[in-house]
Protein chains: 4
Amino acid sequence: MIVVLKKEASKAKQDQLIDWLKGMGLGIHISVGEYQTVLGLIGDTSKVDMDLIGSLDIVDSVKRVTDTFKCVNRQFHPDDTVVNVGDVKIGGGNFAMIAGPCSVESEEQIVGIAKAVKEAGANLLRGGAFKPRTSPYDFQGLKAEGLELLRIARKETGLPIVTEIMSVSDLPLFEDVDVLQVGARNMQNFDLLKELGHIGKPILLKRGLANTLKELLMSAEYIMASGNEQVILCERGIRTYSDYMRNTLDLSAVPMLHELSHLPVIVDPSHATGIARMVPPMALSAAACGADGLIIEVHNDPIHALCDGAQSLKPEEYAGLVKKVNAVRAAVM
Amino acid sequence: MIVVLKKEASKAKQDQLIDWLKGMGLGIHISVGEYQTVLGLIGDTSKVDMDLIGSLDIVDSVKRVTDTFKCVNRQFHPDDTVVNVGDVKIGGGNFAMIAGPCSVESEEQIVGIAKAVKEAGANLLRGGAFKPRTSPYDFQGLKAEGLELLRIARKETGLPIVTEIMSVSDLPLFEDVDVLQVGARNMQNFDLLKELGHIGKPILLKRGLANTLKELLMSAEYIMASGNEQVILCERGIRTYSDYMRNTLDLSAVPMLHELSHLPVIVDPSHATGIARMVPPMALSAAACGADGLIIEVHNDPIHALCDGAQSLKPEEYAGLVKKVNAVRAAVM
Amino acid sequence: MIVVLKKEASKAKQDQLIDWLKGMGLGIHISVGEYQTVLGLIGDTSKVDMDLIGSLDIVDSVKRVTDTFKCVNRQFHPDDTVVNVGDVKIGGGNFAMIAGPCSVESEEQIVGIAKAVKEAGANLLRGGAFKPRTSPYDFQGLKAEGLELLRIARKETGLPIVTEIMSVSDLPLFEDVDVLQVGARNMQNFDLLKELGHIGKPILLKRGLANTLKELLMSAEYIMASGNEQVILCERGIRTYSDYMRNTLDLSAVPMLHELSHLPVIVDPSHATGIARMVPPMALSAAACGADGLIIEVHNDPIHALCDGAQSLKPEEYAGLVKKVNAVRAAVM
Amino acid sequence: MIVVLKKEASKAKQDQLIDWLKGMGLGIHISVGEYQTVLGLIGDTSKVDMDLIGSLDIVDSVKRVTDTFKCVNRQFHPDDTVVNVGDVKIGGGNFAMIAGPCSVESEEQIVGIAKAVKEAGANLLRGGAFKPRTSPYDFQGLKAEGLELLRIARKETGLPIVTEIMSVSDLPLFEDVDVLQVGARNMQNFDLLKELGHIGKPILLKRGLANTLKELLMSAEYIMASGNEQVILCERGIRTYSDYMRNTLDLSAVPMLHELSHLPVIVDPSHATGIARMVPPMALSAAACGADGLIIEVHNDPIHALCDGAQSLKPEEYAGLVKKVNAVRAAVM
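Cut-offs and rules
- Residues numbered from 1 in each chain as written.
- Chains lettered and ligands numbered in written order.
- Predicted model: local features only at pLDDT ≥ 70, side-chain atom pairs only at ≥ 80, totals over all residues.
- Heavy atoms only, no water.
- Pairing = 2+ DSSP bridges.
- Helix = DSSP H or I, 4+ residues; strand = E, 2+ residues; numbered from the N terminus.
- Axes fitted to C-alpha atoms, helices over the stretch in contact; angles between N-to-C directions.
- Contact = heavy atoms within 4.5 Å.
- Core = buried A, V, L, I, M, F, W, Y, C linked by side-chain atoms within 4.5 Å.
- Buried < 20%, exposed > 50% of the residue type's maximum accessible area, 1.4 Å probe, protein only.
- Salt bridge = Lys/Arg side-chain N within 4 Å of Asp/Glu carboxyl O.
- Patch = residues over 30% accessible without salt bridge, like charges linked within 9 Å, V, L, I, M, F, W, Y side chains within 5 Å.
- Areas by Shrake-Rupley, 256 points an atom, 1.4 Å probe, with all protein chains shown as cover.
- Phe/Tyr/Trp six-rings, centres within 6.5 Å; stacked < 30°, edge-to-face > 60°.
- Lys NZ or Arg CZ within 6 Å of the ring centre and 35° of its normal.
- Buried area = accessible area lost by both parts, 1.4 Å probe.
- Polar contact = N/O pair within 3.5 Å; in protein donor to acceptor, adjacent residues only side chain to side chain.
- Least-squares fit on C-alpha atoms with pLDDT ≥ 70 in both.

## Brief notes about the sheet that holds strand β3 (residues 37–42) of chain D
Residue and element names in this part refer to chain D.
Reasoning step 1: Pairing within the open sheet is antiparallel, and its 4 strands lie in the order β2-β3-β1-β4. In the strand order of this sheet, the two ends are held by β2 (27–32) and β4 (59–63), each with one partner. Taken pair by pair, the neighbouring strands of this sheet meet at an average axis angle of 20°, ignoring direction.
Reasoning step 2: Bridge analysis of β2 against β3 gives 6 bridges, and the strand direction is antiparallel. Counterpart to Val-32 in the pairing with β3 is Thr-37.
Reasoning step 3: Here helix α1 (residues 11–23) sits on the sheet and contacts β1 (2–5), β2, β3 and β4; the angle it forms with β3, its principal contact strand, is near 10°.

## Re the nonpolar core
Reasoning step 1: Of all hydrophobic cores here, the largest spans 345 residues; its most connected members are Tyr-318 of chain A, Tyr-318 of chain B, Tyr-318 of chain C together with Tyr-318 of chain D.
Reasoning step 2: If near-sequence neighbours (up to four positions away) are discounted, Tyr-318 of chain B is found in contact with Met-97, Ile-98, Ala-99, Val-117, Ala-120, Ala-122, Ile-296, Val-298 and Leu-313 of chain B.

## Section: the pattern of salt bridges
Reasoning step 1: For the structure on display, the rule yields 56 salt bridges over all chains.
Reasoning step 2: Here Arg-133 of chain B makes a salt bridge to Asp-138 of chain B, at a shortest N to O gap of 3.8 Å.
Reasoning step 3: For Arg-133 of chain B, a relative accessible area of 18% translates into the label buried.
Reasoning step 4: The closest approach of N and O atoms between Arg-154 of chain C and Asp-176 of chain C, which form a salt bridge, is 2.7 Å. Taken as a pair, Arg-154 of chain C in helix α4 (residues 144–157) and Asp-176 of chain C in the loop between β9 (161–164) and β10 (179–182) lie far apart in primary sequence, 22 residues in all.
Reasoning step 5: Relative accessible area serves as the criterion here: at 37%, Asp-176 of chain C is assigned to the partly exposed category.
Reasoning step 6: Here the salt bridges do not stand alone but share partners, grouping Arg-154, Asp-176 and Asp-178 of chain A into one network.

## Some details on a nonpolar patch on the surface
Reasoning step 1: Taken together, Trp-20, Met-24 and Leu-52 of chain A make up a surface patch of nonpolar side chains, about 270 Å² in accessible area.
Reasoning step 2: Mapped onto the elements, Trp-20 of chain A comes out in helix α1 (residues 11–23).

## Topic: the packing of aromatic side chains
Reasoning step 1: If you walk through the whole model with that rule in mind, you get 8 aromatic pairs over all chains.
Reasoning step 2: On the numbers, 5.7 Å between centres and 35° between planes, the contact of Phe-130 of chain D with Phe-174 of chain D is tilted. Here Phe-130 of chain D is found in the loop between β8 (124–126) and α4 (144–157), whereas its partner Phe-174 of chain D is found in the loop between β9 (161–164) and β10 (179–182), with 44 residues between them in sequence. Each of the two residues, Phe-130 of chain D as well as Phe-174 of chain D, counts as buried.
Reasoning step 3: Aromatic pair Phe-190 of chain D and Tyr-222 of chain D: ring centres 4.5 Å apart, planes at 20°, arrangement stacked. A residue pair is termed long-range when its members are at least 10 positions apart, and Phe-190 of chain D in helix α5 (residues 190–196) and Tyr-222 of chain D in helix α6 (residues 213–225) qualify at 32 residues.
Reasoning step 4: On the accessibility criterion, Tyr-222 of chain D (1% relative accessible area) is buried.
Reasoning step 5: The aromatic ring of Tyr-137 of chain C is capped on one face by Lys-70 of chain B, whose charged end is 5.7 Å from the ring centroid.

## Considering the interface of chain A and chain B
Reasoning step 1: On the side of chain B, 38 residues touch chain A, which itself brings 38 residues to the contact.
Reasoning step 2: The junction of chain A with chain B conceals about 3,200 Å² of combined surface from both sides, 66% of it contributed by carbon and sulfur atoms.
Reasoning step 3: For the pair chain A and chain B, the interface holds 2 salt bridges.
Reasoning step 4: Across the pair Arg-277 of chain A and Glu-259 of chain B runs a salt bridge whose closest N-O atoms are separated by 2.4 Å.
Reasoning step 5: Counting across the chain A and chain B interface gives 14 residue pairs in polar contact (both at pLDDT 80 or more).
Reasoning step 6: When residues of the side of chain A that touches chain B are traced back to their parent elements, those giving at least two are α6 (213–225), α7 (253–260), α9 (279–288) and α10 (315–332) of chain A.

## Considerations on the relation of the copies chain A and chain B
Reasoning step 1: Once chain A is rotated about the relating axis by 180° and shifted along it by 0.0 Å, it coincides with chain B to within an RMSD of 0.1 Å. Here the copies are linked by what is in effect a two-fold axis. Ranked by how close their C-alpha atoms come to the rotation axis, the residues of chain A are headed by Ser-285 of chain A, at 2.0 Å.
Reasoning step 2: Here 100% of the contact residues of chain A are again contact residues in chain B; the copies associate through an equivalent surface.

Structure representation (structure tokens):
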């Protein structure tokens, strides 16, 4: 149930209403927007008297929400959520340019790429230290050492770091990471999601291989219901019968997620297509339909990359793409 | 097999080579580009002596093509194909803005919409006279009468008309139609494709519900192998497990089809999403990744449209979209 | 709307009711079962007074059907439809064993295989004369000559023949064919379906590549609404992201189609899997879940078959399979 | 690389060869079958001299395996793996009948159902204590209390228990569980898989929502490479565009997995279809194509079940199904 308060409602009267609702055993999700304050009532609202609440002088309107989404729901929170990562803002008109290698391989590699992507226009650095691989015999990442190298790259460039967490037991290692990424394969690892709800850091939640938008939002709901409201959604391609591309990038997810939810939505054209020369056109398409950011693989030596080299741009290609992305964003504003 | 001729090769020597190759029982597909002329050899090339041909003074290079695509293959025809519809050009930097109602319903409706979309910036008029419907009990279109109304609308506005043909036996009715559309359900109606290879009009070939890019190109190959080179490919969304959208618009098909083939590629965001408010962002995305045109449903009274009203834009919405599409095209050029 | 008549209702009173309903502009679909007669009212039933009809002494019950299915609907026709092909019955407990090569290649081949599959237990002969092929450069079948060779094989063995029709214009050639098959790619070629509704022969309708059960039933509805009630449905695998198999055989379609419709349902494990050694287990599975028949590719020389050899059984393998299929059918009865 | 030893090879010579291979830094996977012993060499075999090994008198043959599968690969282990759960055997001709409720709800419920399914012919009891749910607001299971109730039901009936583990951190609670299930959503939770490789209990590994067979086998490889060879694979339906069924049961996975791997393969028709009346036909189909077992939801009061009631059979329905499953198994042997 949603209670929209009048703009002129006094703080005292608001608190009184909130206390009274809490006394009924309800959780209250408060969203203070520029033009209105919205209370989202979470829990069993079947005994709440809508007419009574609607008749209060500080209340503008009351409506029942039948959707299963609560915290992620734009109806509860009409304004765009803006996630803050240090000085970088994501969402609400702020665009994230996240770039870096698939895997962290060495200090020289990650620092070199970090400098190059910063120069090219990136405002966050990505790099995998823990790598989910289909085969147990494939390179699984440098793990703790990889995280340490990311920290060095951050120190050298000032770029906040984004990297994937695969397991609750690794959480202590991620204390100093700026944005924790949940990969596609873990989108419904509910145990991990709940735990990430208890930390105070932004979470980049990737859509699973074949998950629906409802399932993606429900996984974000797991994180938010546990207390962490800084969630960034990420479309990264879904599994179909595609013949030339690794996955099918579902860009219509961007405007639809924006309609359903207030959370920022970014796009990963590198994993979606798996082909470096398809990354620029898909990145431009993502910017055109309103994405709040792009996460793109960039490598200084794609041919020798330990993983996913075929989908990595070179730094100079990335620099050219950043300029075009900005031009498209300007064109659709 | 592809034979690339030197720029300075004389016409006489070229003809001599072509005659000689034809004498070996091969079909020759000649593509004259600005910088080079390419001969595509079709048929059993196993006995052709590559070294001999490569040693001729007018030949720049010879290569064997193992791809199954021939006429549609960009390797055979490096320059973009430009399809001409009256004064309108499609492909090679020329953009088609095709708009109109799902179904032709009445003279007043189609003429009114035609005027409105022309005013808004469309350069071709679409409208269904023969409608493929899942149920035999649903409205199947005005048929011959619908075609007559489209002709009236063309006369009133000058816009060339694009409309779907469902059956070989209806071909005589389409003599005066400018672009014949093959719908998704008929993409592998090979009988129809072969017949359309014998007419001298542009064909708009829609990708089937769950067809791969290879299958789409092979269907274009059916038309071209029968003699008609004016084929426009159209991505219109594929079937997945999508929960909020009718289909999943596969925009990565646009740059991939451009890489594989020289044919123009347009996008239908209306059928792909099935939701009017998702059409503008997806249209902008299509423009951003290099589509050669858009086919969009526009209706003056979407709520009362006989079919697919929910996905139709109003003329004023379309006018606003055309402006943004042009801005995006300028940004990515 | 469905009107169930009492068992003892006199013919005269039934006719009176039917005439009265027809007088209201309704089509009447009459299904005479062993225990009851059911009238299916087709058309605009919004003005029909259910209470009035329900009160008639010959009427047992009246119910409104909101499903879009009419002729195919089991509610309209509670008993299984039995399709008769010469002496062979399909449906209602009668099992079709359809076997033969993918393509008819020569008289020696088709007659030889026909004799072998008859010996092995087949009761119908399949063989493609018109072949739908993704590429225009692949073997397209012997066409009219292939039909002639099938007739010879029928004469030699007595087996009725099943073969695919791809185009309305080929219909005259099929006059002497026993069962006309509509292939997966033509499942929504509505023009062809309507035309097949006007002939008096059984139609084997294959499910399209990525079509839902509703769409399959609606395509059967096209045939039946045009007057031909002898339709056999066929599950032949759907397109997914399967890695080892050509398609994914959706066997749950068998019991679900039986629940929704009275039409017989057969299964094609050869095209579904594309691998000969996967055909026997999938054939047994189809028999176990209640399929009304199997259509299986058998070739005397699979390695040299002109098309789809990799999925063909040898006659002796087929003979062994027939025995096991019969054992499974006995086990689940 | 695979080394097949001659039947008469002495133990001493075998050990000598194995030591020598280990000395080259290779892992050796030894499979002792009735007719032959196979050594699977794991690691970098590029420097191994095949000719040298092939020339040894105890060696029958040597072949290079290019497949990425090692431990799961039938080439390394030609005989069927038989998993032992107490007195119950699964695989190699032994059939698991696993039955029970979706969720453990109370002692009365689980003990009552356990007794009923044992009476009906089940040899293992299933029941969820930890429930993965798309929404954080849905019932998540009785957790530790549920495990305790399962132990009580086991004590009362003697049936070994099968239940899902969702998190590494819950492992201590599962010490007394007989078979640990990994659910579809966790099939690529590699952290969990590795940990389950270190325990000495059978693991029931369900195929993920949209995972390929290769991915399923690779996830089994994660468990086996960590030391646990008791893995049971489970097909439970994949995500498609199915309109009447929750998922599409991919039964062709059963014979294909049997060809690729020596591990037992069971089928879950309850989650695949989501509809109780579709469970029996699909269970019979699974038995017909060679599945090594069935995991089926049975509830004494499906309408009031806390989760997935619509797909649960009643005990008496299950008893009838067990008889038919046995008849089908006898028919295909």
